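The primary structure of each chain is shown beneath.
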Amino acid sequence: AQSVTQLDSQVPVFEEAPVELRCNYSSSVSVYLFWYVQYPNQGLQLLLKYLSGSTLVKGINGFEAEFNKSQTSFHLRKPSVHISDTAEYFCALTGGGNKLTFGTGTQLKVEL
Amino acid sequence: ETGVTQSPTHLIKTRGQQVTLRCSSQSGHNTVSWYQQALGQGPQFIFQYYREEENGRGNFPPRFSGLQFPNYSSELNVNALELDDSALYLCASSSGDRHSGNTIYFGEGSWLTVV
């Protein structure tokens, strides 16, 4: 069985401050890892993905994530957030098929 | 813009009724998956269709069924609607039945409210 845990349901942060959204996973097989963003009343947009190779993955909108196999983590980071980054962020994994297992999401709220 | 379109965007149904949701996948994609996202939750995998055949199913009862057509568009049907079926239903398209690094694209979803 596979699972994804997002440890923080909400993360408030001031504009231009750095942010880290945490994601831990559990799987008995090798996995591909993803971060998706969901803006209000919209579908999911892929931010970045880890398939193999370099453990530091860069995505869109200045986000990056680091895959840590020993800690089974895939935390998302941004050095300086903007008001427009306010959204729900989902960590997800797949063991190779197209079925994605999602975490429960982290609401990022950027304040002035 | 992901190229995945879903209809309708919003609908209200009464408990016990049936509903059909539709999805047009991105051009060239032969795999469609459906997810249910309840309010405040992450999306949950319902099932996947690859080349018109169901190719994986999540923990959903048989009253959730689907179809994929030769042009790879898809329908999700839910019979005997229950209040807990109220959710955002997301369609996702990709190429191939196994993940090969290709991105999975999501539509904007259909909001279903069951009253």
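Scroll up to find the structure this text is about.
Rules used throughout
- Residues numbered from 1 in each chain as written.
- Chains lettered and ligands numbered in written order.
- Predicted model: local features only at pLDDT ≥ 70, side-chain atom pairs only at ≥ 80, totals over all residues.
- Heavy atoms only, no water.
- Helix = DSSP H or I, 4+ residues; strand = E, 2+ residues; numbered from the N terminus.
- Rg over C-alpha atoms; globule rule 2.2 N^0.38 Å.
- Buried < 20%, exposed > 50% of the residue type's maximum accessible area, 1.4 Å probe, protein only.
- Contact = heavy atoms within 4.5 Å.
- Areas by Shrake-Rupley, 256 points an atom, 1.4 Å probe, with all protein chains shown as cover.
- Lys, Arg positive; Asp, Glu negative; His and termini not counted.
- Charge placed at Lys NZ, Arg CZ, Asp CG, Glu CD.
- Disulfide = S-S within 2.5 Å.
- Pairing = 2+ DSSP bridges.
- Axes fitted to C-alpha atoms, helices over the stretch in contact; angles between N-to-C directions.
- Salt bridge = Lys/Arg side-chain N within 4 Å of Asp/Glu carboxyl O.
- Phe/Tyr/Trp six-rings, centres within 6.5 Å; stacked < 30°, edge-to-face > 60°.
- Polar contact = N/O pair within 3.5 Å; in protein donor to acceptor, adjacent residues only side chain to side chain.
- Nonpolar A, V, L, I, M, F, W, Y, C, P; charged D, E, K, R; others polar.
- Core = buried A, V, L, I, M, F, W, Y, C linked by side-chain atoms within 4.5 Å.

Enquirer: Quick question: what am I supposed to make of the overall build of chain B here?
Expert: Of the regular secondary structure elements, chain B holds 0 helices and 11 strands. Traced from its N-terminal end to its C-terminal end, chain B shows the element sequence β-β-β-β-β-β-β-β-β-β-β. In terms of overall dimensions, chain B is globule-like: its C-alpha atoms have a radius of gyration of 13 Å, near the 13 Å expected for 115 residues. Taking the principal axes of the C-alpha coordinates as reference, chain B spans close to 40 × 30 × 25 Å. Counting the 115 residues in chain B, one finds 49% classified as buried. Within chain B, counting contacts between residues at least 6 apart in sequence, those at least 24 apart form 53% of the total. Summed over all atoms, the accessible surface of chain B reaches about 5,500 Å², with 46% contributed by carbon and sulfur. Counting 7 positive and 10 negative side-chain charges, chain B places the averaged centre of each group 4 Å from the other.

Enquirer: Could you clarify how one ought to interpret the state of the cysteines in this entry?
Expert: Residues and elements named next belong to chain A. In total, this model carries 2 disulfides over all chains according to the counting rule given. Covalent S-S linkage joins Cys23 and Cys91, the inter-sulfur distance amounting to 2.0 Å. Its S-S torsion of about -65° marks the bond between Cys23 and Cys91 as left-handed, since a negative value means left-handed. Here Cys91 lies in strand 10 (residues 87–94) and Cys23 lies in the loop between strand 3 (19–21) and strand 4 (24–26), a separation of 68 residues in the sequence. Across the pair, exposure class does not vary: Cys23 and Cys91 are buried alike.

Enquirer: Help me out: how do you make sense of the sheet that holds strand 7 (residues 64–68) of chain B in this one?
Expert: Strand pairing in a sheet takes place through backbone hydrogen bonds and is either antiparallel or parallel in direction. Residue and element names in this part refer to chain B. Spatial strand order, 1-3-8-7: 4 strands in an open sheet with antiparallel pairing. Sheet topology places strand 1 (5–7) and strand 7 at the edges, where each strand pairs with a single neighbour. Going from strand to strand, the sheet's axes swing by 20° on average, the running direction of each strand aside.

Enquirer: Explain the pattern of salt bridges here, please?
Expert: Pairs may arise between side chains of opposite charge once their charged atoms sit close together. Residues and elements named next belong to chain A. Summed over the entire model, instances satisfying the criterion amount to 10 salt bridges over all chains. Salt-bridge contacts for Arg77 lead to Glu66; the nearest nitrogen and oxygen are separated by 3.2 Å. With Arg77 in strand 9 (residues 73–78) and Glu66 in strand 8 (residues 64–68), this pair connects stretches of sequence that are 11 residues apart. A relative accessible area of 33% places Glu66 in the partly exposed class. Three or more residues are tied together by salt bridges with common partners; here these are Glu20, Lys58, Glu64, Glu66 and Arg77.

Enquirer: I would appreciate a short explanation of the packing of aromatic side chains in the present structure.
Expert: Any aromatic ring pair is given by two values, namely how distant the centres are and how the planes are angled relative to each other. Taken as a whole, this structure holds 13 aromatic pairs over all chains when the rule is applied. Ring geometry for Phe34 of chain A against Tyr36 of chain A: centres 6.3 Å apart, planes inclined by 35°, an arrangement best described as tilted. Classification of Phe34 of chain A as buried rests on a relative accessible area of 1%. Chaining the aromatic ring pairs together yields one cluster made of Phe34, Tyr36, Phe90 and Phe102 of chain A together with Tyr35, Phe45 and Phe106 of chain B.

Enquirer: In this structure, what is going on with the interface of chain A and chain B? I would like to understand it.
Expert: By convention, interface size is frequently given as the accessible area that disappears when the constituent parts associate. Tallying the contact residues gives 21 residues for chain A and 25 residues for chain B. Run the count over chain A and chain B and you get 0 salt bridges. Across the chain A-chain B interface, the total number found is 3 residue pairs in polar contact (both at pLDDT 80 or more). Those elements giving two or more residues to the side of chain A that touches chain B turn out to be strand 5 (32–38), strand 6 (44–50) and strand 10 of chain A. A per-element tally of the side of chain A that touches chain B places strand 5 of chain A first, with 4 residues. Residues that form the side of chain A that touches chain B fall into these classes: 9 nonpolar, 10 polar and 2 charged.

Enquirer: Quick question: what am I supposed to make of the side chain of Thr31 of chain B here?
Expert: Residues and elements named next belong to chain B. Here Thr31 is to be found in strand 4 (residues 31–37). The class of Thr31 is buried, set by a relative accessible area of 0%. Separated by 3.2 Å, the side chains of Thr31 and Asn30 make a polar contact.

Enquirer: Teacher, can you tell me more about the nonpolar core here?
Expert: A general trend in soluble globular proteins is that nonpolar side chains are found buried together. Counting residues in hydrophobic clusters, the biggest one holds 27 residues, and the most contacted among them are Leu33, Trp35, Leu47, Leu48, Phe74, Leu76 and Tyr89 of chain A. The set of elements that each furnish at least two residues to this core consists of strand 2 (10–14), strand 3, strand 5, strand 6, strand 8, strand 9, strand 10 and strand 12 (106–111) of chain A. In terms of residue count, strand 10 of chain A provides more of this core than any other element does, 4 residues in total. When residues no more than four places from it in sequence are discounted, the contact partners of Leu76 of chain A are Val19, Glu20, Leu21, Trp35, Leu47, Leu48, Phe63, Glu64, Ala65 and Tyr89 of chain A. With 20 residues, the next largest nonpolar core counts Cys23, Ile46, Phe64 and Val114 of chain B among its residues.

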